[in-house]
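Structure assessment
Spelled out, the chains give:
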Amino acid sequence: MTVRAFRQAADAASPIPNIITELPGPRAREIIARDAAVTSPSLTRAYPLVAESGKGYVVTDVDGNQFLDFAAGIAVAATGHAHPKVADAIAAQAHQLVHIAATDFYEPRYLELCERLAAIAPFEEKARVFLTNSGTEAIEGAIKLARHHTGRPAIIAFEGAFHGRTMGALSLTNSKIKQRAGFGPLLPMVYHAPFPRVRAWHQGTGGDGSAELEHLRKAILGRLVPPEDVAAIVFEPIQGEGGYFPAPDAFVRGLREICDEYGIVLIADEIQTGMGRTGRMWAMEHYKVEPDVITVAKGIASGMPLGAFIGKDHLFTWTAGAHGSTFAGNPVCCAAALATLDLVEGGLVENAARMGERLRAGVEYASEECGGVHDIRGMGLMLGVEFGSHDEANALEYAAFERGLLILECGEASIRFCPPLIVDEAAVDTAIRLYTEALASLGYPIRPLPGLDETGG
Ligand code: PLP
C-alpha cells in the first residue's frame, strides 16, 4: 500500500464520523447520570459513549452522533454491527427455538457449530468442542479439562495475562492489580512466569523469549513446582489486555517443547486473537505450533454471548456429568455463530490481513516523528500503540473519541485498534487520519499525511 492510496481513500470516505452535538450530548448526559445511580461501580467506561444503534463499522449514539468503531465492543463485533446475515439468522432462530439446554438434550445447531469448530481446530488430531457463554467460562472449562485429564493440580500462566474474571480464570489473570485486589484466596498452585514483552519499533528487537523460557524452566519448574505436578500451561499467543504483545516464535515453540517433555496440556487462549482477527483463523497458525486446547469467545458469534474450548480428542477422558452449562450453546447464539463463521471463512480472514497491513502502515507513518509513541505492534486487525504513560494513552483515547473514533486502551500505556473484520480502505484511512488529528490535538509533533504530490504516485 502506498501513502497515496490511504490518503485518496480517506478523502473519498463517507462523512463518518459525524459529530453533531457536544460530547456527551444531552441525552447521553441524562443516561450517564441515571446509570451511575444503579449500575455496579466496578464497570470501567473509558469515555461517555452511550450507544443507540450500530451498522457495519459505524456506531450511532443516543444523540445521533456517528462514530467510526475501531473498538468493536472489545474486539467482539467480528462481522460489524447488525450484519444482515447474522441479524437474519438470529431473528429466524428466535422464532423457532430460543432454548433447550444442550447439556441435557440434542440440538442440530449446537451439533453443526461443534462440527464446524472441530473441523478448523489448529491441530491434526480429531477435536472435541464444549460451548460456553463467555470467554472466562471457556477458560474455566479448559482448566478443568486439563486438571481432570492429567490428575495434576498446578497451572502455569504468564505475567501480564488476561484470561477473565471468574475465580479460576482470575487466578490466571495478571494484567492489572485492581482486577485481583480484594478477591483472594484465588486458586492455589497457579504460577506466573514472565512473558516476553517484545518491543520492536523504535526500541530495538527486544529478544526472542529465550530468557523468559529459561526462567520458566529453571526458576519455576526447577524450584517452585515440579513439572510432573503441572496440568497446563495457559498463554495468549498475543497478550491482549496486557498490551498487545505478540509472543516470539521461539517462545511458543519452547512452550510446546516443555509441554511435550512433561505431558503438560498447552492451552492457547485465542479469545481475543481467534476468529480471523490476526489475519489467520487462529493466531497459533502464525506460529506453526499445535496447542492441545484453544479457548474461543469474543468474535465467535458477532456479539451474541458464546464461547468454546476446543481440545484434542484424547484429553476428553471425563465422563457424563463432569462438566455442563445450562445456557451455553443456546440455539440463537449458535445460529449467530454459524452465520459469523460463514462470513469469516468467506473472506474476512483475508480482509483482516490486508486491512491490518494498511492500518499498521498508516499508524506507523503518522507516528514516526511523534516523540510520544514508543512502540507499535500486533498482527492483522489487532494493533497496539504504546505511549510513555497510562495518562498519555488515556488522553489519546479520549481525544480520538472527541473526533469520532472509538478505540480502547490496553496494558500499562497503550491504545489498541481492534475494529470489526469488515473494515474497508475508507474506514482504515479515516481511522488513521483521526488518530493523527488526535495526536496533534495533544501537542505531539506529528508527521502530516502527505498530499498526492508528495507520494510521487
Ligand atoms: N481471555 C482473553 C485473552 C480475553 O481477552 C478475555 C476478555 O477480554 C477473556 C479471556 C475473558 O473473556 P470474557 O470477558 O468473555 O469472559
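A quick note: this is a predicted structure, and the numbers were derived from the prediction, not measured.

Regarding the side chain of Glu-270
- Within the secondary structure, Glu-270 is located in the loop between β10 (265–269) and α11 (284–287).
- Here Glu-270 occupies a buried position and makes no salt bridge, while the nearest side chain of opposite charge, Arg-277, is found at 10.0 Å.
- For Glu-270, the side chain forms a polar contact with the main-chain nitrogen of Ala-283, separated by 2.8 Å.
- A polar contact is formed between the side chain of Glu-270 and the backbone nitrogen of Met-284, at a distance of 2.8 Å.
- Setting aside anything within four residues of it in sequence, one finds Glu-270 in contact with Pro-237, Trp-282, Ala-283, Met-284, Ile-294, Thr-295 and Val-296.

Looking at the environment of Leu-113
- Following the sequence through the fold, Leu-113 ends up in helix α5 (residues 108–119).
- The sequence separation of Leu-113 and Cys-334 amounts to 221 residues, and the corresponding C-alpha distance is 6.4 Å.
- Aside from chain neighbours lying at most four places away, what touches Leu-113 is Leu-131, Leu-306, Cys-334, Ala-337, Leu-338 and Leu-341.

A short note on the nonpolar core
- Judged by nonpolar contacts, the single largest core of 108 residues is most densely connected at Phe-70, Phe-417 and Tyr-435.
- Mapped onto the domain boundaries, this core takes at least three residues apiece from domain 1 (3–82 + 347–427) and domain 2 (85–342).
- Those residues in contact with Phe-417 that sit more than four places away from it in its chain are Phe-70, Tyr-244, Leu-359, Val-363, Leu-381, Met-382, Leu-383, Val-385, Leu-405, Ile-407 and Tyr-435.
- In terms of nonpolar packing, the next biggest core, distinct from the first, is built from 23 residues, Phe-130, Leu-145, Ala-169 and Phe-309 among them.

Regarding the confidence of the model for the protein
- Summary statistics for the protein give a mean pLDDT of 94 and a share of 94% for residues scoring 70 or more.
- Segment residues 1–13 is flagged for pLDDT under 50; beyond a separation of four residues in sequence, or across chains, it makes 28 contacts in the model.
- Confidence drops under pLDDT 50 across residues 451–457; counting only partners more than four residues distant or on other chains, this segment forms seven contacts.

Reading guide: rules and limits
- Residues numbered from 1 in each chain as written.
- Predicted model: local features only at pLDDT ≥ 70, side-chain atom pairs only at ≥ 80, totals over all residues.
- Heavy atoms only, no water.
- Helix = DSSP H or I, 4+ residues; strand = E, 2+ residues; numbered from the N terminus.
- Buried < 20%, exposed > 50% of the residue type's maximum accessible area, 1.4 Å probe, protein only.
- Lys, Arg positive; Asp, Glu negative; His and termini not counted.
- Salt bridge = Lys/Arg side-chain N within 4 Å of Asp/Glu carboxyl O.
- Polar contact = N/O pair within 3.5 Å; in protein donor to acceptor, adjacent residues only side chain to side chain.
- Contact = heavy atoms within 4.5 Å.
- Core = buried A, V, L, I, M, F, W, Y, C linked by side-chain atoms within 4.5 Å.
- Domains from an automatic or database assignment.
- pLDDT = per-residue confidence, 0-100.

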